[in-house]
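# Chains, contacts and geometry: an overview
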Amino acid sequence: MTWQLFIILYLIASTAFYLTRRKLATSLAKYNRLINGFALAGVLYPLGLIVAFVLQPNLAIGWQNIVLLLAGSLLFPLVNVLSFRANKELDAGMFTIFSNITPVVTIAAAWLLLNEALTDLQLLGAVVIISSAFMVTARSVGRTLPTRGILYALLAVSLLGLAIVFERWMLTRIDFGAYLVYGWGAQTVWAVIMAWPERKRLGQLFARSRLRGVIVYAVANACKGLSFIAALKLSENASVIGAYIAFNAVLVVVAAYIILGERESMLRKLTAAALGTAGLIILSI
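Residues numbered from 1 in each chain as written. Predicted model: local features only at pLDDT ≥ 70, side-chain atom pairs only at ≥ 80, totals over all residues. Heavy atoms only, no water.

### Let's talk about the overall build of the chain
Across its full length, the chain carries 14 helices and zero strands. Each helix (α) and strand (β) of the chain, taken in turn from the N terminus, gives the series α-α-α-α-α-α-α-α-α-α-α-α-α-α. Counting only contacts in the chain whose residues sit at least 6 apart along the sequence, the fraction spanning at least 24 positions is 88%. Accessible surface, the chain as shown: approximately 14,000 Å² in total, 68% of it carbon and sulfur. (Helix = DSSP H or I, 4+ residues; strand = E, 2+ residues; numbered from the N terminus. Contact = heavy atoms within 4.5 Å. Areas by Shrake-Rupley, 256 points an atom, 1.4 Å probe, with all protein chains shown as cover.)

### Some thoughts on the packing of helix α2 (residues 32–55) against helix α4 (residues 75–86)
Describing two packed helices takes the angle between their axes plus the distance from one axis to the other. Here α2 crosses α4 at 130°, and the two axes come no closer than 9 Å. Considering their axes alone, α2 and α4 lie oblique with respect to each other. As for how α2 packs across α4, the hand of that crossing is right-handed. Each of N32, R33, I35, N36 and L40 in α2 lies in contact with α4, whose residues at this interface are N80, V81, F84 and R85. Classifying every residue of the contact of α2 with α4 by side-chain character gives four nonpolar, three polar and two charged. (Axes fitted to C-alpha atoms, helices over the stretch in contact; angles between N-to-C directions. Parallel < 35°, antiparallel > 145°, perpendicular 65-115°, else oblique. Left-handed = near helix turned anticlockwise from the far one by under 90°. Nonpolar A, V, L, I, M, F, W, Y, C, P; charged D, E, K, R; others polar.)

### Considering helix α3 (residues 63–72)
Of all the positions in α3, only N65, L69 and G72 are classed as buried. Buried residues along α3 cover an arc of 80° about the axis, so they all sit on one side. Seen from the buried face of α3, the exposed residues on the opposite side, beyond 90 degrees, are W63, Q64, V67 and A71. Looking at the packing, one finds that the buried side of α3 touches α4, α8 (147–170) and α9 (176–195). (Buried < 20%, exposed > 50% of the residue type's maximum accessible area, 1.4 Å probe, protein only. Arc of directions from axis to C-beta.)

### With respect to the layout of surface pockets
Within this model, the second largest pocket holds a volume of roughly 350 Å³. Taken together, 17 residues line the second largest pocket, and the ones lying closest to its centre are L19, T20, K23, G213 and V216. Among the secondary structure elements, those contributing two or more residues to the lining of the second largest pocket are α1 (2–27), α11 (208–235) and α13 (248–260). For the lining of the second largest pocket, the element with the highest residue contribution is α1, accounting for eight residues. Tallied by class, residues from the lining of the second largest pocket come to nine nonpolar, five polar and three charged. (1 Å grid on protein atoms, 1.4 Å probe; cavity = no way out; pocket = protein on both sides within 12 Å on 5 of 7 lines; lining within 4 Å. Points joined across faces, edges and corners; volume = space filled by probe spheres on them.)

### Quick notes on empty space enclosed by the protein
Rolled over the atoms, a probe with the dimensions of a water molecule shows which regions are left empty. One pass over the full model with this rule turns up one cavity of 30 Å³ or more. Reported here for the largest cavity is a volume of approximately 40 Å³. In terms of lining residues, the largest cavity is bounded by R33, N36, G37, L40, P77, N80, V81, A191 and M194. Those elements that place two or more of their residues in the lining of the largest cavity are α2, α4 and α9. Broken down by element, the residue count for the lining of the largest cavity peaks at four residues, all from α2. Tallied by class, residues from the lining of the largest cavity come to five nonpolar, three polar and one charged.

### A word on the pattern of salt bridges
Tallied over the entire structure, the rule returns three salt bridges. One salt bridge connects R22 with E262, and the closest N-O pair in it is separated by 3.4 Å. Taken together, the positions of R22 in helix α1 and E262 in the loop between α13 and α14 (266–284) put the pair 240 residues apart, joining distant regions of the chain. The exposure class of E262 is buried, given its relative accessible area of 9%. In this structure, E89 engages R85 in a salt bridge whose closest nitrogen and oxygen atoms are separated by 3.0 Å. (Salt bridge = Lys/Arg side-chain N within 4 Å of Asp/Glu carboxyl O.)

### Comments concerning the environment of Y179
Mapped onto the elements, Y179 comes out in helix α9. Expressed as a C-alpha distance, the spacing of Y179 and I61, which sit 118 residues apart in the sequence, is 9.5 Å. Ignoring sequence-local partners within four residues, the contact set of Y179 consists of L69, F76, E167, M170, L171, I174, W184 and Q187.

This is the structure we're talking about:
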């Protein structure tokens, strides 16, 4: 039952992460790069180093792999900043539904770049997921769509799909513990570089009234990543894990309704979230 507990932790942490990011994106938009830099440098990477220490990885990966990690790891902090920017206009539920597109991009990129097989079920799942995204953006009478937010979200989830393919490829070249040290380290370097021009605002960001939300965001992000990895490692079945985490979109839509009061087009978002969940389950078969 251990991996199921990590799945539950993932769903809780992921829901908290999406809700907190939406709240911070609307109230602390100008601190975008600083918040995401702190999340990686202050919380995620230190936890990754602790896990790597326990795993005792082989750190002799060669200069070629280090260069590849430095180049490809830029994608992850870039996705974080774009997603944060998208959440300034898109509510948490809508963004989560768009996030379901990421596995579709991953599968398409793996098919094109890594020559992985593409099955009929995967194509069906992709069509269902994309349909859910179209559903949630369907224009209602008198409703103005947050076009800029949608564009940022689509760019973020597409780049994340490519980043995941890169990550999977690198894990065929180096072991997991070494990836935590060098891969997450490279992501942290890029995040700090992106946040560096705004370093003078760091004191403002850590004012008592803002610090709690920033810490919750960073910790939820770290718990989300580590619990997913733990569940995947313990279950040794990526398809089962994919089916379980597919329910994340529905949880976020419901939680955002209750906690953040996001009630606009609730029925449509809930239907789209359920449809996207079905698509993700099909992809996991």
